[in-house]
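What follows is the residue order along each chain.
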Amino acid sequence: MIKKELLDEYIIAPNPDGVELTKTVEGLDHEGNSFISQVIEEKPLTIYLNSQEIVTAMTIGDYPEYLAVGFLKNQGMLDSLNPVISVDYDDDLAVVVVRTESETSFEEKLKKKTRTSGCAVGTVFGDMMEGLEGLKLPTSQLRISWLYDLSNKINRTPSLYLAAGAIHGTVLCKENKALVYMEDVGRHNAVDKIAGWMDSHNVSGSDKILYTTGRLTSEMVIKTAQMGIPILVSRSGFTAWGAEIAVKVNLTLIGRMRGQRFTCLSGSDRLIWDVDGENADDK
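Cut-off values and rules
- Residues numbered from 1 in each chain as written.
- Predicted model: local features only at pLDDT ≥ 70, side-chain atom pairs only at ≥ 80, totals over all residues.
- Heavy atoms only, no water.
- Helix = DSSP H or I, 4+ residues; strand = E, 2+ residues; numbered from the N terminus.
- Buried < 20%, exposed > 50% of the residue type's maximum accessible area, 1.4 Å probe, protein only.
- Contact = heavy atoms within 4.5 Å.
- Pairing = 2+ DSSP bridges.
- Axes fitted to C-alpha atoms, helices over the stretch in contact; angles between N-to-C directions.
- Salt bridge = Lys/Arg side-chain N within 4 Å of Asp/Glu carboxyl O.
- Parallel < 35°, antiparallel > 145°, perpendicular 65-115°, else oblique.
- Nonpolar A, V, L, I, M, F, W, Y, C, P; charged D, E, K, R; others polar.
- Polar contact = N/O pair within 3.5 Å; in protein donor to acceptor, adjacent residues only side chain to side chain.

Helix and strand counts for the protein chain come out as 7 helices and 16 strands. Here the protein chain holds 283 residues, and the buried ones make up 50% of them. Across the protein chain, contacts joining residues at least 24 apart in sequence account for 54% of those joining residues at least 6 apart.

The next thing to look at is the sheet that holds strand β3 (residues 43–49). Spatially, β4-β3-β6-β5 is the arrangement adopted by the 4 strands of the open sheet, whose pairing is mixed. Taken across any chain shown, the strands that pair with only one partner, and hence form the sheet edges, are β4 (52–59) and β5 (84–90). Neighbouring strand axes in the sheet, compared pairwise and without regard to direction, differ in orientation by 20° on average. Taken together, the 4 bridges between β3 and strand β6 (residues 95–100) define a ladder with parallel strand orientation. Residue pairing for β6: Thr46 is matched across the bridge by Val95. Most of the contacts of helix α1 (residues 64–74) go to β3, to which it runs at about 55°, and overall it touches β3, β4, β5 and β6.

We now examine the pattern of salt bridges. Any two side chains of opposite charge can pair, on the condition that their charged atoms come close. What the rule picks out here adds up to 11 salt bridges. Of the charged contacts in the structure, one is a salt bridge between Asp274 and Arg143, with a shortest N-O distance of 3.9 Å. Of this pair, Asp274 sits in the segment after β16 (271–272) while Arg143 sits in strand β9 (residues 142–143), and the two are 131 residues apart along the sequence. Of the charged contacts in the structure, one is a salt bridge between Glu244 and Lys248, with a shortest N-O distance of 3.4 Å. Pair noted here: Glu244 and Lys248 are both in helix α7 (residues 240–249), with a separation of 4 residues, about one helical turn. Here Lys248 falls in the exposed class, since its relative accessible area comes to 58%. Three or more residues joined by partner-sharing salt bridges are found here, namely Asp62, Asp184 and Lys193.

Bringing the sheet that holds strand β12 (residues 209–212) into the picture now. Strand order in this open sheet of 6 strands is β11-β10-β12-β13-β14-β15, and the pairing throughout is mixed. Where the open sheet ends on each side, the last strands, each with one partner, are β11 (177–184) and β15 (261–266). Going from strand to strand, the sheet's axes swing by 20° on average, the running direction of each strand aside. One ladder, built from 4 bridges, connects β12 with strand β13 (residues 231–234); its direction is parallel. In the sheet register, Thr212 faces β13, and the bridge partner there is Ser234. Across the sheet, helix α3 (residues 144–156) touches β10 (168–174), β11, β12, β13, β14 (252–258) and β15, and the angle it forms with β11 is around 45°. This element, α7, spans β14 and β15 of the sheet and lies at about 65° to β15.

Here the focus is the pairing of β6. Of all the 6 residues making up β6, 5 are buried; the element is thus mostly covered by neighbouring parts of the structure. With 6 bridges joining them, β5 and β6 adopt antiparallel strand pairing. Counted as the bridge partner of Asp90 is Val95 from β6. Hairpin connection, β5 to β6: the antiparallel pair is bridged by 4 residues, and Ala94 has positive phi, about 55°.

Summarising burial for α1: 9 of the 11 residues are buried, a large majority. Within α1, the full set of buried residues consists of Pro64, Tyr66, Leu67, Ala68, Val69, Gly70, Phe71, Leu72 and Asn74. Just downstream of α1, Gly76 is the residue with a positive phi angle, here 75°.

Below, the discussion takes up the packing of helix α5 (residues 187–200) against helix α6 (residues 218–226). Orientation of α5 relative to α6, taken along the N-to-C sense of each, is 0°, at an axis distance of 11 Å. Classified by the interaxial angle, the pair formed by α5 and α6 is roughly parallel. Contacts from Arg187, His188, Val191 and Asp192 in α5 reach Glu219, Met220 and Lys223 in α6. In terms of residue class, the contact of α5 with α6 is built from 2 nonpolar, 1 polar and 4 charged.

The next point concerns the side chain of Thr59. Take Thr59: it is sitting in strand β4. Looking at Thr59, its side chain comes within polar contact range of the side chain of Asp184, at 2.6 Å. Ignoring anything within four residues of it in the chain, the contact list for Thr59 reads Glu41, Glu42, Lys43, Leu45, Leu67, Asp184, Val185, Asn189 and Lys193.

As structure tokens, then:
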């Protein structure tokens, strides 16, 4: 049973009733009967870093500032030595301008960009492992009971996915608490919004869990590791390269999370088996 009160438990919750995020369309069902349905609205958002246009992303249009900062951060175009001084969004132009203290050297990075298996915006620059060199993800613990609690809560939370489909969700969690729930047409957009929120609020990833509805590709693993988050969970499956990178950086990678069933391909040393599937409380 879906409970609206679940939304109150989040710092940022999905907005399934947001009229600006969906569009009403008419159609026919399999029996030829007419019906009215809500579908996800895609909108272009152009991201600038200082005076340079970087990319135009197709997005649902919410939290554009977080998306822009998170995208640039996860692409390696922002760092702590050259901090962001302002983020300005123009709704009429559908443009976000992220300004840093000084100009960056991203032009060379742009020459080396590589398409990945996400969507058109899903790009990383140069060697995909470059940003992970020397990275040490924090030691942390993951109780199996937390996994079950999170899966139960997230799957029951009212969302755009449940209302209209054709969308991905990503949730930042701590222990068995779901904190920030972002949705978008591209799973990487949803992750970037989380990254942007974390960066804007100086939130550490060391004690967090990232839960996503999307498949666990190399890009998803790299972005999670770059965000300093040691645990990545999905209801979907894996790619071989995603699993390989997770092993190299010792990221706990859990997929095919359905109810009280899951598969762990990396970082199992973090797991604490405090409950089993048969004895878990099915709320």
